[in-house]
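Descriptive analysis of the structure
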Amino acid sequence: MTDDLAAPAVTAAPRLLPQRTLGSGEAALTVSAVGFGGMSVTDAYGPADVGEAEAVLRRALELGVTLIDTADVYGHGRNEELIGRVLGAHRDEIVLASKFGLPPAGGHPDGRRVDGRPEYVRAAVDASLRRLGTDRLDLYYLHRIDPQVPVEETVGALAELVEAGKVRGIGLSEPSAATVRRAHAVHPVTAVQSEYSLWTRDPEDEVLPTLLELGVGFVPFSPLGRGILTGTVDTPEGFAADDVRRAHARYAGEAFEHNRGLVRSLEQLAAERGVTTAQLALAWLLAQGEDIVPIPGTKRLAYLEQNVAAASVELTADDVAAIGATIPREDVQGVRHPQADLLAG
C-alpha cells in the first residue's frame, strides 16, 4: 500500500533497524521493526517507474529493511516478478512475504472474488514461487477470508506447505478475532495483516487483544492511510486515473475535506518535534506493541528513507496518548475500503 511522504528528509535513517519478532515458538520470524509494502512499486497508485522502483527496493535492503511484502494480485503478478528479480540475489537476507486468495478481477474461471480452497492454495504458491524465483516463502498469507471455504481447510493446506518446506510461516489478512482462533487451532499463525493506522483503529477492539493472547504478530498495512497521514495530500484531484484511492470513500468530496482537516493537529505535533507528520504516525504505530511491524510502501527513495527513520523516533507514554487523540476514530468519515464486504471474515 502506498504511503508517500513529502520530500524533505528530517531524520536520517538508522543504519541498522531495530528487530522485532512476529509469532512465537517454531512459527516465529525475526524482522526489521519497519517493513516494506511492495504494492506501490508497480501500478496501484498511478504509473511507477521501473528504474526507480528497483532503486527503492535495493535501498530498502541497504537501510536494514528485511520484511518485504507482496502479493500475487499486485500488478497481476508483475510485483512478485519485480521483487524476485531485484532481491533474488539477497534472498537469505530478507523475510519474504506474499499473499494469495484474491484472483484478479475477471481472472477466475468460477468467477470467485476470493478463493481459499486447498487446491487453489497449492497452485497459487507454486505460481508465486516461480515469479519470485525462490523455493520458499517465509510468510504466506490468505489475502481475504473465503466465506465459502472453512478457514480450517485453507489453513490445513497451508500447514501442508510448511511441512513440504515451501512456506515457513502462515498468515491471514483482514480476519476477525474468531477466525484467527479457528485458524490458530489448526496450525500456529505467525502474523495477521490488516489495515491499522491513526485513522483506522478497528483492530484495537478484538483482533489485537486476541493476537497478543495467542502470540501472533501483527503487520499493519496502509499505516499512513494511503498517504493522508503524511500531511501532504491536500486534494485527490491530482491522483492518476488508475490510482486505487479514487475508489475510496474517505478520499471523496466532503469526506476527504473533513478527514484532511483532522490531520492538521497531527502536523502541528510533528512540527513541534522536528519530524515529519508521517514519521510521527509510524512511531505511534510502533509504540502500540513490540509485536507490531508496519509495512509502509512507496515508489520514491526520499520517502522510503523517511519511513525507515520513523524507527528512531522516541515517544513517551504522554506522546503516544497525545498523538492518538489527534484523530478520534469516530470522527473519520467514509467507509475505509470499497470492498467492505470482504473485510473481517
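Here, the structure is the one placed above.
Note that the structure is predicted; figures quoted are calculated from it, not measured.

Okay, the overall build of the protein next. Looking only at helices and strands, the protein has 10 helices and nine strands in total. The 345 residues of the protein split such that 58% are buried. Within the protein, contacts between residues at least 6 apart in sequence are counted, and of these 78% link residues at least 24 apart. As displayed, the protein offers around 13,300 Å² of accessible surface, 50% of which is attributable to carbon and sulfur atoms.

Here we take up the pairing of strand β6 (residues 137-142). In terms of burial, β6 is a largely internal element, six of the six residues being buried. Note that strand β5 (residues 95-100) and β6 share four bridges and pair parallel. Directly across from A97, in β6, lies its bridge partner L139. As paired strands, β6 and strand β7 (residues 167-173) are joined by five bridges and run parallel to one another. Within the sheet, the bridge partner assigned to L139 lies in β7 and is G169.

Looking now at the nonpolar core. If you look at the biggest cluster of nonpolar residues, it comprises 80 residues, and the most contacted ones within it are Y140, L229 and I327. Tallying contributions element by element places helix α8 (residues 277-286) first for this core, with eight residues. Look past the residues within four positions of L229 in its chain and what remains in contact with it is S197, L198, W199, P223, L224, V263, L266, T277, A278, A281 and I327. The next biggest cluster of nonpolar side chains, apart from the first, holds 13 residues, and it includes V31, A97, L139 and Y141.

What counts, and where the lines are drawn
Residues numbered from 1 in each chain as written. Predicted model: local features only at pLDDT ≥ 70, side-chain atom pairs only at ≥ 80, totals over all residues. Heavy atoms only, no water. Helix = DSSP H or I, 4+ residues; strand = E, 2+ residues; numbered from the N terminus. Buried < 20%, exposed > 50% of the residue type's maximum accessible area, 1.4 Å probe, protein only. Contact = heavy atoms within 4.5 Å. Areas by Shrake-Rupley, 256 points an atom, 1.4 Å probe, with all protein chains shown as cover. Pairing = 2+ DSSP bridges. Core = buried A, V, L, I, M, F, W, Y, C linked by side-chain atoms within 4.5 Å.

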